[in-house]
There are 2 protein chains.
Amino acid sequence: MGVELLTIGTELLLGQIVDTNASWMAQRLAEAGIDVFYKSTVGDNWGRIEAAIRLAMSRADVLIMTGGLGPTEDDLTREVLAAVLNRPLRLDQAVLQHIEERFARRRVAMAENNRKQAMVPEGAEVLHNPRGTAPGLLLKSDGRVLVCMPGVPSEMKPMMLDQVIPKIRDVFGIRSRIVSRVLKACGISESTLDQRIGDYFREMRNPTIGVLAHMGEIHVRLTCKGEDPAEIARLLDDLEVKIRERLGHLIFGRDDERLEAVVGKLLRERAATLALAESCTGGLIASRLTDVPGSSDYVERGVVAYSVPAKQQLLAVSPELVRAHGVVSLEVAKAMAEGIRRQAGTTFGLATTGIAGPTGGTPERPVGSVCVALAWESGSGAREFRLLGEREQVKYRGAQMALEILRRHLLGIPMDEV
Amino acid sequence: MGVELLTIGTELLLGQIVDTNASWMAQRLAEAGIDVFYKSTVGDNWGRIEAAIRLAMSRADVLIMTGGLGPTEDDLTREVLAAVLNRPLRLDQAVLQHIEERFARRRVAMAENNRKQAMVPEGAEVLHNPRGTAPGLLLKSDGRVLVCMPGVPSEMKPMMLDQVIPKIRDVFGIRSRIVSRVLKACGISESTLDQRIGDYFREMRNPTIGVLAHMGEIHVRLTCKGEDPAEIARLLDDLEVKIRERLGHLIFGRDDERLEAVVGKLLRERAATLALAESCTGGLIASRLTDVPGSSDYVERGVVAYSVPAKQQLLAVSPELVRAHGVVSLEVAKAMAEGIRRQAGTTFGLATTGIAGPTGGTPERPVGSVCVALAWESGSGAREFRLLGEREQVKYRGAQMALEILRRHLLGIPMDEV
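Keep in mind that this is a model prediction, so the values were computed, not measured.

A. Seen up close, helix H8 (residues 229-247) of chain A. Look at H8 of chain A: 26 Å from first C-alpha to last across 19 residues, which is about the 27 Å you get at 1.5 Å a residue. Of the residues one or two after H8 of chain A, Gly-248 of chain A is the one with positive phi, at around 55°.

B. View of the interface of chain A and chain B. Listed per partner, the contact involves 65 residues of chain A and 66 residues of chain B. Among the elements that line the side of chain A that touches chain B, the one with the most residues is strand S14 (residues 299-304) of chain A, at six residues. Of the residues in the side of chain A that touches chain B, the class split is 26 nonpolar, 23 polar and 16 charged. Bridge count for S14 of chain A against strand S14 (residues 299-304) of chain B is three bridges, and the pairing is antiparallel. Each residue of the ladder has a partner; that of Gly-302 of chain A, found in S14 of chain B, is Val-304 of chain B.

C. Molecular detail of the nonpolar core. Core analysis: the largest hydrophobic core is formed by 136 residues, its most contacted members being Met-336 of chain A together with Met-336 of chain B. Other than its neighbours up to four places away in sequence, Met-336 of chain A contacts Ala-277, Ala-305, Lys-311, Leu-315, Val-317, Ala-351, Thr-353 and Ala-373 of chain A.

D. Representation of the relation of the copies chain A and chain B. It takes a turn of 180° to lay chain A on chain B, together with a shift of 0.0 Å along the axis; the resulting RMSD is 0.1 Å. Seen this way, the second copy is the image of the first under a two-fold rotation axis. Residue by residue, 100% of the interface of chain A is reproduced at the interface of chain B, so both copies engage with the same surface.

E. The packing of helix H9 (residues 259-269) of chain B against helix H14 (residues 391-411) of chain B, seen in detail. All names here are of chain B. Two numbers describe how H9 lies on H14: the axes approach to 10 Å, and their chain directions differ by 30°. Taken as axis vectors, H9 and H14 run roughly parallel relative to one another. Crossing of H9 against H14: the hand is left-handed. Two secondary-structure elements touch here, H9 through Leu-259, Glu-260, Val-262, Val-263 and Leu-266 and H14 through Gln-400, Leu-403, Glu-404, Leu-406, Arg-407 and Leu-410. Broken down by class, the residue content of the contact of H9 with H14 amounts to seven nonpolar, one polar and three charged.

F. Expanded view of the sheet that holds strand S10 (residues 208-214) of chain B. All names here are of chain B. The sheet built from four strands is open, its strands ordered S10-S11-S9-S12 with antiparallel pairing. On the outer flanks of this sheet lie S10 and strand S12 (251-254), each paired with one strand and no other. Going across the sheet, the axis of each strand differs from the next one's by a mean of 25°, ignoring polarity. Taken together, the seven bridges between S10 and strand S11 (residues 217-226) define a ladder with antiparallel strand orientation. Each bridged residue has a counterpart across the sheet, and for Val-211 the counterpart in S11 is Val-220.

G. Focus on the confidence of the model for chain A. Model confidence for chain A is summarised by a mean pLDDT of 91, while 98% of its residues fall at 70 or above. Interface confidence in the predicted complex, given as ipTM, is 0.76; pTM for the same model is 0.78.

H. Highlighting the packing of helix H2 (residues 21-31) of chain A against helix H6 (residues 153-172) of chain A. Residues and elements named next belong to chain A. Interaxial distance between H2 and H6 falls to 11 Å at its minimum, and their mutual angle equals 20°. Comparing their axes, H6 and H2 come out roughly parallel. Between H2 and H6 lies a crossing whose hand is right-handed. Contacts between H2 and H6 involve Asn-21, Met-25 and Arg-28 from the former and Pro-153, Met-156, Met-160, Leu-161 and Ile-165 from the latter. Its residues placed into classes, the contact of H2 with H6 shows six nonpolar, one polar and one charged.

The rules we used
Counting starts from 1 at the beginning of each chain's written sequence and moves along it residue by residue. To read the labels, note that chains go from A and ligands from 1, taken in the order they are written. For this predicted model, a pLDDT threshold of at least 70 governs which residues receive local features, and a threshold of 80 or more governs which side-chain atom pairs are given and counted, while totals over whole chains, interfaces and linings are taken from all residues. Going along the chain from the N terminus, every DSSP run of H or I of four or more residues is numbered as a helix, and every run of E of two or more is numbered as a strand. Every helix has an expected span of 1.5 Å times one less than the residues it contains. Contact definition: two residues whose C-beta atoms, as placed from backbone geometry, lie within 7 Å. Classes in brief: Ala, Val, Leu, Ile, Met, Phe, Trp, Tyr, Cys and Pro nonpolar; Asp, Glu, Lys and Arg charged; the others, Gly included, polar. Two strands form a pair only when DSSP identifies at least two bridges running between them. By our criterion, buried Ala, Val, Leu, Ile, Met, Phe, Trp, Tyr and Cys residues that link up through C-beta atoms within 7 Å make up a nonpolar core. In this scheme every C-beta is placed from the backbone, and a residue whose C-beta has 20 or more other C-beta atoms within 10 Å is buried, one with 12 or fewer is exposed, and one in between is partly exposed. Here the copies are matched by least squares. The fit uses the C-alpha atoms of residues with pLDDT of at least 70 in both. Think of each axis as a best-fit line through the C-alpha atoms, taken over the contacting stretch in the case of a helix, with angles from 0 to 180 degrees between the N-to-C directions. Orientation is classified from the angle alone, with under 35 degrees giving roughly parallel, over 145 giving roughly antiparallel, 65 to 115 giving roughly perpendicular, and any other angle giving oblique. What makes a crossing left-handed is the near helix being turned counterclockwise from the far one by less than a right angle; a clockwise turn instead makes it right-handed. Confidence per residue, as judged by the predictor, is encoded in pLDDT with a range of 0 to 100.

This is the structure we're talking about:
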């Protein structure tokens, strides 16, 4: 059996919206052992949507559409699909109630045009959308399955994973699957990693291994094919053990684990608390750490000391120290970390000072120079980095290095192993 | 003439990497009046890459490839292309020097396998890559143009815009183009916007109009086709004026303008300074504002007062006030804004307190309740929001509303117009 993906929206063809849905869906389907044969995109145009649906019904067993389910005039998917299948649209009271409740929760009056999102073609199964107003639809016709989902990724993704994929596997009796696992490292180079585990590229056939550099991280991807989830998990576990033997604690996490969550978990396990003194990272470390639910248990406070007076007033960094070493220096970073730790009474103080750019660089300390310091009960340490990229990348990578330095300290790994 | 896009990398077919390059390139090409006929993806496999290149050479005038130019063993694009075209690979000294300099700047030793990134097929034009080690390549063969670019988006995108698209337009004498312009609003609903400018959907044919909701923003997209850039700009200007007549200052920006940059520009124009007191947004407002180059001129400091002691110690918020109204209240938000403004001696103090979730909600103040307050010389104001979404979305939307409240104050727009 084969799937066709159809993403709908003029903004995808002409505009600045990057169509991330089609490739995301293709990947999730591949993992579920479901082949994607065709991917296509059409604009918000009745004739072209109709032609695309008819073509898909002539060559695919499953058609998965996203987009065109919104309340505005250019949203046509529901209406075209009903017309092609000759199924009248009916108002679904349960869907209407769901939409009305969402507006009530936001304390906003529901506009009349939102009612059309509650229209459902006869015989369609409604796919509940807990994150938005437009429900998904699943129809069966002549042995084929047709699915519509909203184009908003945060609404489409859980609907795809929790409802659409299990139903397709069930209808077509699919048993095989592909499972990937990603091991993540930070602060070491892609080439170094390649030298340490390059032999596994040649040896391994199932699972296979790939290495990919992301911003401030290196990902080692293990990919395994099979039918039995337990057997796949065992093969992945075996290879993961081998790779961890070579890389040890340099691997900070797996799959969707984020560095800020890993650091948070380590702090929580040790009942430790953290205060931040950020200059060049501008609050990004605090923001990333507080993205993690429950982080208020260990993030006590943060200070963005962007100006020199703020550094003096909030962190007790002396003007003499700044004059002697420069504001971007290991010494000032340490004083910031020690200052915030003392003030907040936390287990750790973590500080950054640097030049995020695009201006402010000097021959001695070019744009991308970032000093990170950590203060703990019995001492402090600091390290200087030269980070590449634009301002936002320097901020992100600086935050990444700061979190990694804290993680390494918590696990007793040397701060400067690369 | 027609273009084929080929994205290369096993991680695109099977993995968790979303292929944003193909759709991004398709859109940029469409804007440049260049038709894309085919989009395909292959893994890091010699036979399949070779077959895909041969197929493209049989059906397209231009083949644009991304990926597979890295230093590791699974990167094959350069070698396969050289073999298909029967062009020997030669070491390019200028490219090698560029790679060596990048490693020297990062103070990292260059691994031997990075040398292969300096190998260039005979007769290829090297496309300079200021942001990475792997250069792009452009070859002409039998009237066709073949292009290879790195798969890393931040390296590929400037190469595509600055080098590849102008060269293709030049070779094939392309004159027409499609230009889009996006007008952005914040704090008003999609349905409201639709009601105010919905008649333009029906009237306008060139430019056309589309409305799209993004996280915490609404985008009105104007799309115009033509040959003469001045004529296109005139048509877009005319329609923009009409839309602004209906929406006024509710439109905060255009195209890539971000709310944090718009607010920064307004602060700079007024020689005003800002201090932040964040609770539920956890440093995100500070981080977004400091993403903007030069923001150190107006962002004086920020405080992430996550704990109640931090709110007292750093912002002088009295425990009595917290006890009387609750920590998430208009009163506490105002006290935070006034406290940080007084302490920092800035023109404005901006504060947030709320419940980002997933826990901590009450029947009275559910998850997503966010109070935003602004303090200025002669007073202060606050507004409460009920924001939908997961923790990170609540944080983002809370930051968005805080920035919008400051923007509206700076322009004299009522804080609560929706």
